[in-house]
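Residues per chain are reported as follows:
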Amino acid sequence: MKGVILMCVKELVIKNFGENKWEEILHQSEVPRQIFVPMGDVTDEDTMKVITTACNVLSLSLNQVIDAFGHHWSTVFAPKMYRLYFTGAKSSKEFLSKMDSVHVTMTQRMNGAKPPRFKYEWQNDKTVIMTYSSQRGLIDIAIACIHGVGEYYKEKLQVTKMGGDKIKIVFP
């Protein structure tokens, strides 16, 4: 994965639990100390070690950490890092409809980047079935981020997981 994921986790932990908890997570995870940079590579294994250790250190379930990450990513972190993509869309529907092309555009010059891909099957003008395709199988993080996108645009989205690779989204 790219370092931007752990940059977001670090910011989230420090903001809500303090620098000491972040240091404790890094120490207990036994992930080599490094400065996480957006395009830097971090192994999937190290990323998951940090996330699972965060669950233990913060006394939160994996689902709670995933939901917190999705909220923070989509409402705080990503709007700073990728401001033009967020300000360039007027609604969550418009933003999420561009997510596949955004992932392709953002990562085409990053060696080793393997972003999730999305396909869209519109049921009507308010409902889409989004197919999530990734070797990592992190659909629950995608769902948490989709909820966060709705929060960013101040819209209540109905988001339903439909198996291991499909997400139904009903826009307001």
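The name an unreviewed UniProt entry gives the protein chain is Heme NO-binding domain-containing protein, with Heliobacterium chlorum as the organism.

> Hey, could you run me through the packing of helix α1 (residues 3-17) against helix α3 (residues 44-58) in this one?
Working note: a packed helix pair is described by the angle between its axes plus the distance between those axes. Running from N to C, α1 and α3 cross one another at 15°; their axes reach a closest spacing of 10 Å. In terms of axis orientation, α1 runs roughly parallel to α3. Our pair here, α1 against α3, has a crossing hand that is left-handed. Residues I5, L6, V9, V13 and F17 of α1 pack against T47, V50 and L58 of α3. Broken down by class, the residue content of the contact of α1 with α3 amounts to seven nonpolar, one polar and no charged.

> When you look at the sheet that holds strand β2 (residues 127-133) in this model, what are you seeing that I'm missing?
The strands making up a sheet are joined through hydrogen bonds of the backbone, oriented either antiparallel or parallel. On the basis of which strands lie adjacent, the open sheet formed by four strands has the order β1-β2-β4-β3 and antiparallel pairing. Lying at the two open borders of the sheet, with one neighbouring strand each, are β1 (117-124) and β3 (158-161). On average, each strand axis in the sheet is inclined to that of its neighbour by 20°, with strand direction left out of account. Across five bridges, the pairing between β2 and strand β4 (residues 166-170) is antiparallel. Looking at β4, one finds that M130 is bridged to I167.

The rules behind each value
- Residues numbered from 1 in each chain as written.
- Predicted model: local features only at pLDDT ≥ 70, side-chain atom pairs only at ≥ 80, totals over all residues.
- Heavy atoms only, no water.
- Axes fitted to C-alpha atoms, helices over the stretch in contact; angles between N-to-C directions.
- Helix = DSSP H or I, 4+ residues; strand = E, 2+ residues; numbered from the N terminus.
- Parallel < 35°, antiparallel > 145°, perpendicular 65-115°, else oblique.
- Left-handed = near helix turned anticlockwise from the far one by under 90°.
- Contact = heavy atoms within 4.5 Å.
- Nonpolar A, V, L, I, M, F, W, Y, C, P; charged D, E, K, R; others polar.
- Pairing = 2+ DSSP bridges.

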